Amino acid sequence: MRSDTATLFAEGTVGTLRLIVYLALAVVVMILDHRGQYLEVLRRTASLAVEPVYRLAAFPSQVARATRTAVATQDQLASENRELREQLLLAQARLRRLDTLVAQNTRLKGLLEAQENLGLRVQFARLVNVDLDPFRHRVVLDVGAQQGLAVGQPVIDATGVMGQIVEVLPNTSIVMLVTDPTHAVPVVVERTGLRTIAYGSGVIDRLELPNIPISGDVQVGDKLLTSGLGGRFPAGFPVGEIQSISNDASGMFAAALATPAAALDRSGEVLLLRDQPQPYGPPSPEPPVGPPAELAGPGPAGVQPGEPPSP
Amino acid sequence: MNRRRLQLWLFAGSFAFAFLLQLMPLPQVLLPLKPWWIGLALVYWAIEAPERAGLGFAFLLGLAGDALTGELLGEQSLRLLVLAFIVLRFRARLRFFPVWQQALAVLALFLNDRIVILMVRGFSGAPMPPPEFWISPLLGMLACPLVFLLVDDLRLRLRGSD
């Protein structure tokens, strides 16, 4: 290390060479990380230290929320309670109706010999209130690998699709919201069945649909649902609502803007879908079945008896 | 010895506090306004204690920051390296500036930092940020006198305490 006295008036105390070496190092680290995999171990180790910091950073806002609840007047609580009870009543009424529909649906599906119905297994999670980067739409959840999470799980709230898990730490996970500029979700227009893709815009209340065919039938107010294509999000969840339609720069496509259905900047609690959607495509082929190996005898070269018999 | 250890605690504590401030949630409207606290802390310490806050320290600090925000590892390292290098180069002049001139220097440094970010994002293929992206350096400039005076005051108190 340099001595203290040398730095007082000396102008060029930091060598350009050291700068170049460190810059090169940073660039190498960036490239390795961008290419993936190489720094997984490093990231996983770092995540052990990262989690407590997230919790610590979220602590003040948690305290603030707790104090707000503590000092809320009886009146407010009572009115909130009443409101919630009304909502519950409404939801239960809807559920009753749904029950009959589900029963009917299972019967019909049984008739159609459908393989399995879409049972929703969900997991409840809370947001950890930290801000990773205002220009990337990521949020932190308080569940992680130890609660059985995996990268790619869809995240929804009461009103629609919020996003998907992109990083899993032991007790925390990071969700990319649908409005993140690098996110895209395959959608279908509910009214017409037109398929397209909704891209994140980087603005919390807007999605972009930049490539709708000019002839496509899309109107302001159309609801967008997940189409289930791509195999990431199960089909039929609300994604957003068309807000405006215009022509894109080239004039070859119509471009629409949509409002996300989920309360992306307000939800405190979210649901994680446990079942990955059914893989898209034909069923996998039957395993080859042949006679048991001891009965098959020596066949001609190249033709082996298939699977050994299972006990 | 004791005094030295206190100073070291202040040094580490200021960076820990900067990290927490950086992660602190804000209402959606205010998010783009958040100044780059880690950068401010590094500028301060590079001016005041260059033997501690050198290039190597900036590199490691950046790696820690990237691990925390889940960004491309090395992005913040690069930004902090550029920042630390410029500050250390002009340290002899910067440290005798009045506070408002230091604030202007911070504005210039942070604007330069935004350009560095754009370069990195451009190379890694990430989309370009919206116009609000450029507001944060202004807030950094406004926050700079506060931070510098506060930490100066703390250091003086620690020095006088024993």
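Cut-offs applied
- Residues numbered from 1 in each chain as written.
- Chains lettered and ligands numbered in written order.
- Predicted model: local features only at pLDDT ≥ 70, side-chain atom pairs only at ≥ 80, totals over all residues.
- Heavy atoms only, no water.
- Phe/Tyr/Trp six-rings, centres within 6.5 Å; stacked < 30°, edge-to-face > 60°.
- Buried < 20%, exposed > 50% of the residue type's maximum accessible area, 1.4 Å probe, protein only.
- Pairing = 2+ DSSP bridges.
- Helix = DSSP H or I, 4+ residues; strand = E, 2+ residues; numbered from the N terminus.
- Contact = heavy atoms within 4.5 Å.
- Buried area = accessible area lost by both parts, 1.4 Å probe.
- Salt bridge = Lys/Arg side-chain N within 4 Å of Asp/Glu carboxyl O.
- Nonpolar A, V, L, I, M, F, W, Y, C, P; charged D, E, K, R; others polar.
- Axes fitted to C-alpha atoms, helices over the stretch in contact; angles between N-to-C directions.
- Core = buried A, V, L, I, M, F, W, Y, C linked by side-chain atoms within 4.5 Å.
- Domains from an automatic or database assignment.
- Parallel < 35°, antiparallel > 145°, perpendicular 65-115°, else oblique.
- Left-handed = near helix turned anticlockwise from the far one by under 90°.
- 1 Å grid on protein atoms, 1.4 Å probe; cavity = no way out; pocket = protein on both sides within 12 Å on 5 of 7 lines; lining within 4 Å.
- Points joined across faces, edges and corners; volume = space filled by probe spheres on them.

## Some thoughts on the packing of aromatic side chains
Each pair of aromatic rings is reported with the distance of its centres and the angle of its planes. Residue and element names in this part refer to chain B. Enumeration according to the criterion identifies nine aromatic pairs over all chains in this entry. Centroid distance Phe-133 to Trp-134: 5.5 Å. Interplanar angle 85 degrees. Geometry classified as edge-to-face. Overall, Phe-133 belongs to the buried group, its relative accessible area being 2%. With relative accessibility at 36%, the residue Trp-134 sits in the partly exposed group.

## Examining the pairing of strand S12 (residues 269-273) of chain A
Residue and element names in this part refer to chain A. By the bridge criterion, five bridges tie strand S1 (residues 122-128) to S12 in an arrangement that is antiparallel. Within S12, the residue paired with Ala-125 across the bridge is Val-270. Of the pairings in the sheet, the one linking strand S3 (residues 154-156) to S12 comprises two bridges and is antiparallel in character. Across the sheet, residue Val-155 finds its bridge partner in S12, namely Leu-272.

## Overview of the interface of chain B and chain A
With 43 residues of chain B at the interface, the matching set in chain A holds 44 residues. Counting each side, the surface lost to burial between chain B and chain A is near 3,900 Å², with a carbon and sulfur contribution of 67%. The largest per-residue losses of area from chain B upon contact with chain A belong to B:Leu23, B:Leu73 and B:Arg89, which jointly make up 15% of the total buried on that side. At the boundary of chain B with chain A, the tally comes to one salt bridge. Taken together, the elements giving at least two residues each to the side of chain B that touches chain A come down to helix H1 (2-23), helix H3 (55-69), helix H4 (75-89), helix H5 (91-94) and helix H6 (99-124) of chain B. Sorting elements by how many residues they give to the side of chain B that touches chain A places H4(B) first, with eight residues. Residue composition of the side of chain B that touches chain A, grouped by class: 24 nonpolar, eight polar and 11 charged.

## What to know about the sheet that holds strand S5 (residues 173-177) of chain A
Overall, antiparallel pairing links the six strands, which are arranged S1-S2-S5-S4-S3-S12 (chain A) in a closed barrel. Along the sheet, successive strands turn relative to each other by an average axial angle of 45 degrees, direction set aside.

## Focus on the sheet that holds strand S11 (residues 253-260) of chain A
All names here are of chain A. Read around the closed barrel, the six strands follow the order S6-S7-S8-S11-S10-S9; overall the barrel is antiparallel. Adjacent strand axes in the sheet meet at a mean angle of 40 degrees when their direction is disregarded. Pairing of strand S9 (residues 223-226) with strand S10 (residues 238-247) involves three bridges; the strand directions are antiparallel. Residue pairing across strands places Lys-223 opposite Glu-241, the latter belonging to S10.

## Examining the nonpolar core
Of all hydrophobic cores here, the largest spans 65 residues; its most connected members are A:Tyr54, A:Val130, B:Leu42, B:Val43, B:Trp45 and B:Phe148. Elements represented by at least two residues in this core include exactly helix H1 (16-35) and helix H2 (40-71) of chain A together with H1, helix H2 (37-48), H3, H4, H6 and helix H7 (136-160) of chain B. Built from parts of two domains, this core gets at least three residues from each of domain 1 (16-71) and domain 2 (122-273) of chain A. Counting 36 residues, the second largest nonpolar core, distinct from the first, contains A:Val143, A:Leu177, A:Val187 and A:Leu194.

## What about the packing of H2(B) against H4(B)?
All names here are of chain B. Viewed as axis vectors pointing N to C, H2 and H4 meet at an angle of 30 degrees, and their least axial separation amounts to 9 Å. On the basis of the axis angle, H2 is roughly parallel to H4. Helix-helix and strand crossings are classified by hand; for H2 and H4 the assignment is right-handed. Contacts between H2 and H4 pair Ile-38, Gly-39, Leu-42, Val-43, Ala-46 and Ile-47 from the former with Gln-76, Leu-80, Leu-83, Ala-84, Val-87 and Leu-88 from the latter. When its residues are assigned to classes, the contact of H2 with H4 shows 10 nonpolar, two polar and no charged.

## Description of empty space enclosed by the protein
Applying the stated criterion across every chain yields a total of six cavities of 30 Å³ or more. Taken together, 21 residues make up the lining of the largest cavity; nearest its centre are A:Asp133, A:Pro134, B:Gln22, B:Arg79 and B:Arg114. Looking at the lining of the largest cavity, the elements with two or more residues in it are H4 and H6 of chain B. Tallying contributions element by element places H6(B) first for the lining of the largest cavity, with three residues. Of the residues contributing to the lining of the largest cavity, the split by class is 10 nonpolar, four polar and seven charged. Estimated volume of the second largest cavity: approximately 60 Å³.

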